[in-house]
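Each chain, written out:
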Amino acid sequence: AMSGPKYPGQWAPATAMVAFNGCPDDPHKPSSVPIYQTATFIQPSAAESAQYDYTRSGNPTRTALETLVAGLEGAHSAFAFTTGMAALNCMTRLLESGDEILCNADIYGGMYRLLTKVSARQGIIVRFVES
C-alpha cells in the first residue's frame, strides 16, 4: 500500500483519491474505507460519549469523505450532507440580513420556497435570473 501524508497535495487528484487512507487506525487495515451502515454507536457509559453516537450527526464513513475532500481542495475542513436541501439550508444560514443570493430561476421547488419564504424573512435578498 502507498504511504503518504494525510493530505497528499503533491499527488495528482486521481492518485490522491485511490491512495487515501481514510481509516488509518482501523486494526483490520482495509484497502478502502468501510461503509458504516448503522444508526447508533455503542457508548463507553451513560455518562461518557464516544466520537460518534448517532449517524446523522456523524460517522466514520462521512468523516473519511470529508477528510479526503478537504485534502483534495487544500482546505482545513469539508462538510458532506445527506441531501442537497440540507447543504443549501446550511449555506443560507451563513448569510446575514442584507446579503444577496443570485440564483438560477429554474430550481427545485423546495429550494425556491427556502429562498423566497425562509431566507426572505431573514432579510436576505434573492434575485432570480434566467439562464
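In case you missed it, the structure is sitting above this.
First things first, this report covers the structure right here in the doc. What you see is a predicted model, and the numbers here were worked out from it, not measured in a lab. (Residues numbered from 1 in each chain as written. Predicted model: local features only at pLDDT ≥ 70, side-chain atom pairs only at ≥ 80, totals over all residues. Heavy atoms only, no water.)

In this structure the tally under the stated criterion is two salt bridges. When the shortest N-O distance is used, the salt bridge between E100 and R127 registers 2.7 Å. One end of the pair, E100, is in strand β1 (residues 100-104); the other, R127, is in strand β2 (residues 125-129), with 27 residues separating them in the sequence. Judged by relative accessible area, E100 falls into the partly exposed class, the value being 47%. A relative accessible area of 45% means that R127 is categorised as partly exposed. (Salt bridge = Lys/Arg side-chain N within 4 Å of Asp/Glu carboxyl O. Helix = DSSP H or I, 4+ residues; strand = E, 2+ residues; numbered from the N terminus. Buried < 20%, exposed > 50% of the residue type's maximum accessible area, 1.4 Å probe, protein only.)

Time to look at a nonpolar patch on the surface. A cluster of nonpolar side chains, contributed by M17, V18 and L72, occupies part of the molecular surface with about 290 Å² of accessible area. Within the element layout of this structure, V18 appears in helix α1 (residues 13-19). (Patch = residues over 30% accessible without salt bridge, like charges linked within 9 Å, V, L, I, M, F, W, Y side chains within 5 Å. Areas by Shrake-Rupley, 256 points an atom, 1.4 Å probe, with all protein chains shown as cover.)

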